[in-house]
Each structure stands twice: as C-alpha cells, then as structure tokens.
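Single-letter residue listing:
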Amino acid sequence: FKRTLVLGLLIVLSSCGFQPLYQKQQASDAVIDDLAQVQVLNLVDDENHDDRLGQKVKNLLLDRLNPGGRPSNPFYTLAVTVGTSTTELVVKLSDEATRAKLSMSASYSLREKKTNAVLFRSRTRSVNSYNIAKSNFATLSAENNAKDRAAREIADNIKLRLGVFFIELRSGT
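Each value, and the rule that gives it
Residues numbered from 1 in each chain as written. Predicted model: local features only at pLDDT ≥ 70, side-chain atom pairs only at ≥ 80, totals over all residues. Heavy atoms only, no water. Helix = DSSP H or I, 4+ residues; strand = E, 2+ residues; numbered from the N terminus. Contact = heavy atoms within 4.5 Å. Areas by Shrake-Rupley, 256 points an atom, 1.4 Å probe, with all protein chains shown as cover. 1 Å grid on protein atoms, 1.4 Å probe; cavity = no way out; pocket = protein on both sides within 12 Å on 5 of 7 lines; lining within 4 Å. Points joined across faces, edges and corners; volume = space filled by probe spheres on them. Nonpolar A, V, L, I, M, F, W, Y, C, P; charged D, E, K, R; others polar. Core = buried A, V, L, I, M, F, W, Y, C linked by side-chain atoms within 4.5 Å. Buried < 20%, exposed > 50% of the residue type's maximum accessible area, 1.4 Å probe, protein only. Axes fitted to C-alpha atoms, helices over the stretch in contact; angles between N-to-C directions. Parallel < 35°, antiparallel > 145°, perpendicular 65-115°, else oblique. Left-handed = near helix turned anticlockwise from the far one by under 90°.

1. Side note on the overall build of the chain
- Across its full length, the chain carries four helices and five strands.
- Traced from its N-terminal end to its C-terminal end, the chain shows the element sequence α-α-β-β-α-β-β-β-α.
- Taking as baseline every contact in the chain between residues at least 6 positions apart, the subset at least 24 positions apart corresponds to 65%.
- Here the chain has roughly 11400 Å² of accessible surface; of this, 53% comes from carbon and sulfur atoms.

Encoded structure:
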C-alpha cells in the first residue's frame, strides 16, 4: 500500500509541473549560454550623475551574466539606466534625522544586436536603509554600504528576469 501511495503521489506531483529546486536541467545550461551572449553597455545614471554607481552595477552585471569573460561576438545588448533617491525617515525632536532610506531603480532593455529590436524591457527597484550618525564618515560609509547592497540586488534582479525571459523564449511562451 505504501509503494502505491508513494507512486501515486509522484505521478500527481509530476503532472502539476513540480520540479526539484536544485535539479540540474538542460534548459539551465542553454539559459547560461544565452546570458553569456549579452553585452552590457555602459550604464547611465538618470538623476545624480554618479558614474561610480553605474560602474558598480555594470561590473556586477558582467560578473553575473558573463562569468567566463565578455562575449567576442555578442548576440544581445543590454542597456540599463539607474536612478537613486534618498529620503530621511526618522527625525528626532531636534529636527535631526537619524535614519535614511535609499531607493535605487533601474530600467533596462535587451536588444538583438544585429537588428536593434527590443526583445525585453522592464524595471526593477531596490530599497535599503541606513543610519545617519553624528560622524560624517560613518554616515558616508553607511550610505555607500546601502548603495552597494542596492546595486547587488538590482544586478541579481536583472539577471533573474533575463533568465526567465530566455526560458520563456526557448519554451515558446
């Protein structure tokens, strides 16, 4: 009876589209190959003109999309525009802010390099907070750390969404 129950459970799970999370699949190798064919263009900061932040996001994207090095003849190009804003959150009675929220957003588009046709376009956002200390150095360090965390999250989100796009493209949906 137990064998029949386990067999029936496996059949039900496989028919609903259940797949083990860490199972190596052939499609994942194809998606990795597709991601490796993406050329990341220089990023544009649409608000603050923080070139360093654009460099960080670009380098993180290169690490995630092209771990084997930049493609010699890329099939896709990725254009990303990054923007940040800071809002003071917690204010003491003395009108002194003690906490701030850093919001980073990125809009991006994936194009076919030969035709320049837009294949995929989206936006992503990351929100991080940090303490505003009495020391300017400590506050600057905390703000830079929040920017680094936001940049990593933006790069991870873009890679994830491009991976899903390539999976859907290969499956024909």
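After that view of the structure, there is still more to cover.
2. So, the layout of surface pockets
- Counted as a void, the largest pocket has a volume near 320 Å³.
- Together, 14 residues line the largest pocket, and Val31, Ile32, Leu35, Lys159 and Gly163 are the ones closest to its centre.
- If you list the elements that add at least two residues to the lining of the largest pocket, you get α2 (26–36), α3 (51–65) and α4 (136–171).
- No other element matches α4, which puts six residues into the lining of the largest pocket.
- Looking at the lining of the largest pocket residue by residue, the class counts come to nine nonpolar, two polar and three charged.

3. Digging into the nonpolar core
- Leu61, Leu78, Val80, Leu162 and Phe166 are the most contacted members of the largest nonpolar core, which totals 33 residues.
- Considering every element that reaches this core, the biggest residue donor is α4, with ten residues.
- Leu162 has contacts with Leu35, Leu65, Leu78, Leu110 and Phe120, leaving out every residue within four places of it along the chain.

4. Here we look at the packing of α3 against α4
- Packing of α3 against α4 brings their axes to within 9 Å, and their N-to-C directions diverge by 40 degrees. Classed by the angle they form, the pair α3 and α4 counts as oblique. Between α3 and α4 lies a crossing whose hand is right-handed. Residues Leu53, Lys56, Val57, Leu60, Leu61, Arg64 and Leu65 of α3 form the contact with α4, whose own contacting residues are Lys147, Asp148, Ala151, Arg152, Ile154, Ala155, Asp156, Ile158, Lys159 and Leu162.
- Split by residue class, the contact of α3 with α4 holds ten nonpolar, no polar and seven charged.

5. Brief notes about the side chain of Asp34
- As for its position among the elements, Asp34 is in helix α2.
- Judged by its relative accessible area of 11%, Asp34 is buried.

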